[in-house]
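Secondary and tertiary structure notes
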Amino acid sequence: MNKGSKLYEGKAKIIYETKDKDLVIQHFKDDATAFNNLKKAKVEGKGVLNNRISEYILTNLAQCGIKNHFIKRLNMREQLIRKAEIFPIEFIVRNIATGSLTKRLGIPEGTVLEKPLLEYCYKNDELQDPLISKDHIFSFGWASKKEIEEIDITTLRINDLLSGMFRGIGIKLVDFKIEYGKAWNKDSEKKEIVLADEISPDTCRLWDIKTEKKLDKDRFRRDLGNVIQGYQEVARRLGIMPEETNISEVNFGKTTSIKFKKK
Ligand code: UDP
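Residues numbered from 1 in each chain as written. Predicted model: local features only at pLDDT ≥ 70, side-chain atom pairs only at ≥ 80, totals over all residues. Heavy atoms only, no water.

1. A look at the packing of helix H1 (residues 46–63) against helix H4 (residues 145–167)
The axes of two packed helices give the description: the angle between them and the distance between them. Cut-off, in case you're wondering: Between the N-to-C directions of two axes lies an angle of 0 to 180 degrees, each axis being a line fitted to C-alpha atoms and, for a helix, fitted only over the stretch in contact. Think of it this way: any DSSP run of H or I at least four residues long counts as a helix, any run of E at least two long counts as a strand, and we number them from the N terminus. Geometric relationships in this document are graded by angle, where less than 35 degrees denotes roughly parallel, more than 145 denotes roughly antiparallel, 65 to 115 denotes roughly perpendicular, and other angles denote oblique. By convention, the crossing between two helices is left-handed when the near helix turns anticlockwise from the far helix through less than a right angle, and right-handed when the turn is clockwise. Only heavy atoms enter the contact rule, under which two residues are in contact if any of them lie within 4.5 Å. Throughout, the ten residues Ala, Val, Leu, Ile, Met, Phe, Trp, Tyr, Cys and Pro are labelled nonpolar, Asp, Glu, Lys and Arg are labelled charged, and all others, Gly among them, are labelled polar.
Packing of H1 against H4 leaves a shortest axis separation of 11 Å and a crossing angle of 120°. On the basis of the axis angle, H1 is oblique to H4. Handedness of the crossing formed by H1 with H4: right-handed. Listed contacts from H4 to Tyr56, Ile57, Asn60 and Leu61 of H1 are Ile158, Leu161, Leu162, Met165 and Phe166. Partitioned by chemical class, the residues of the contact of H1 with H4 number 8 nonpolar, 1 polar and no charged.

Here you go:
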């Protein structure tokens, strides 16, 4: 699949056109950002790992009937996806209180929530992705009532599926963010709602069940060190790459090497 011109560049990914107007290429960068872009760094190998982890998760979700944009992996950093018109909303699910929930409402860190809490944020970097209500979504036409009804059900189902997937490998799914878009379905000749973007340690909080060690982007946000090792641990436990795999690639003239250690 030939890469066309750049359509969009975000903080962690780039989207390229292809010859097919309904398909685009999603490229995972090594850039990490936090606190509304105030903190920035390159985490070598992050893009490669997120490409694989997101592929694994979206493929598994598709097998459970969750329609999504993923088509196939093209190389270490790129995947072919369906082009989707993204709703300007971040859908956040929380199982355990941490992050902005504890800061905003004073809920003690680590409180296990009685049932999953669904939050909506308006996707707008300049406004720092503010928390919004469903009425904001309907008032400003960011999605319809029917669309949100469908997305809410799918989102809670994704939470169940992912919680189970991670529990099986000794990881607690603390919270996560997902995005949806509308993509063209050739068969029905209609647009349909699909899960889009990525699901990876950049967008989830993942804690080891026994030790509560953080295996996600909080290692970067909170300067805990060993960021890539956390992501690698998730990939290793998911069985995505054989143990002792060495990924070596030439990246902007530099060689990046990720070594998977044997337990
Ligand atoms: N999240 C994300 N992108 C965002 C904001 C949040 O992927 O722009 C994820 C984050 O990784 C966490 C969940 O959404 O898994 C809830 O994040 P929170 O609102 O606590 O954000 P914080 O301000 O603490 O990053």
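Once you've had a look at it, read on.
2. Here we look at the sheet that holds strand S3 (residues 23–28)
Selection criterion: Any two strands between which DSSP finds at least two bridges are classified as paired.
Taken in spatial order, the 5 strands of this open sheet run S1-S2-S3-S7-S6, and their pairing is antiparallel. One side of each edge strand has no neighbouring strand; the edge strands of this open sheet are strand S1 (6–9) and strand S6 (70–73). For this sheet, the mean angle separating the axes of adjacent strands, direction not counted, is 25°. Bridging between S1 and strand S2 (residues 13–17) involves 3 bridges; their strand directions are antiparallel. Following the sheet pairing, Glu9 is matched in S2 by Ile14.

3. Looking at the site of the ligand
Under the convention used in this document: We call a residue near a given molecule or strand whenever any one of its heavy atoms falls within 4 Å of it. Pairing of N or O atoms within 3.5 Å defines a polar contact, subject to two protein rules: one partner must be a possible hydrogen donor and the other a possible acceptor, and residues neighboring in sequence count only if both atoms are side-chain atoms. To be clear on the numbers: accessible area is Shrake-Rupley with a 1.4 Å probe, and residue cover counts the displayed protein chains and nothing else.
The environment of the ligand is made up of 14 residues, and the closest members are Arg94, Ser100, Asp175, Arg205 and Arg221. At 2.7 Å from an oxygen atom of the ligand is found a side-chain nitrogen or oxygen belonging to Arg94. Taking Arg221, its side chain carries an N or O atom lying 2.9 Å from an oxygen atom of the ligand. Starting from 510 Å² of accessible surface for the ligand in isolation, the protein chains cover 79%. Those elements that place two or more of their residues in the shell around the ligand are strand S9 (89–96), strand S12 (171–185) and strand S14 (204–208). Its residues assigned to classes, the shell around the ligand shows 3 nonpolar, 3 polar and 8 charged.

4. What to know about the packing of H1 against helix H6 (residues 227–238)
With their axes 10 Å apart at the nearest point, H1 and H6 run at an angle of 30° to one another. On the basis of the axis angle, H1 is roughly parallel to H6. Relative to H6, the crossing made by H1 is left-handed. Facing Lys46, Leu49, Asn50, Ile53 and Tyr56 of H1, the residues of H6 in contact are Ile228, Tyr231, Gln232, Val234, Ala235 and Leu238.

5. What about H4?
This is how the line gets drawn: The length a helix should cover is 1.5 Å for every residue beyond the first. Throughout this description, buried means an accessible area under 20% of the type-specific maximum (1.4 Å probe, protein chains only), exposed means over 50%, and partly exposed covers the range between.
For H4, spanning 23 residues, the distance from its first C-alpha to its last is 33 Å, which sits close to the expected 33 Å at 1.5 Å a residue. Buried within H4 are the following residues: Glu147, Ile148, Ile151, Asp152, Thr155, Ile158, Asn159, Leu162, Ser163, Met165 and Phe166.

6. Remarks on the pairing of S6
Direction of pairing for S6 relative to strand S7 (residues 78–82): antiparallel, over a ladder of 3 bridges. Residue pairing in the sheet places Lys72 in a bridge with Leu80 of S7. Between S6 and S7, which pair antiparallel one after the other, the connecting turn spans 4 residues.

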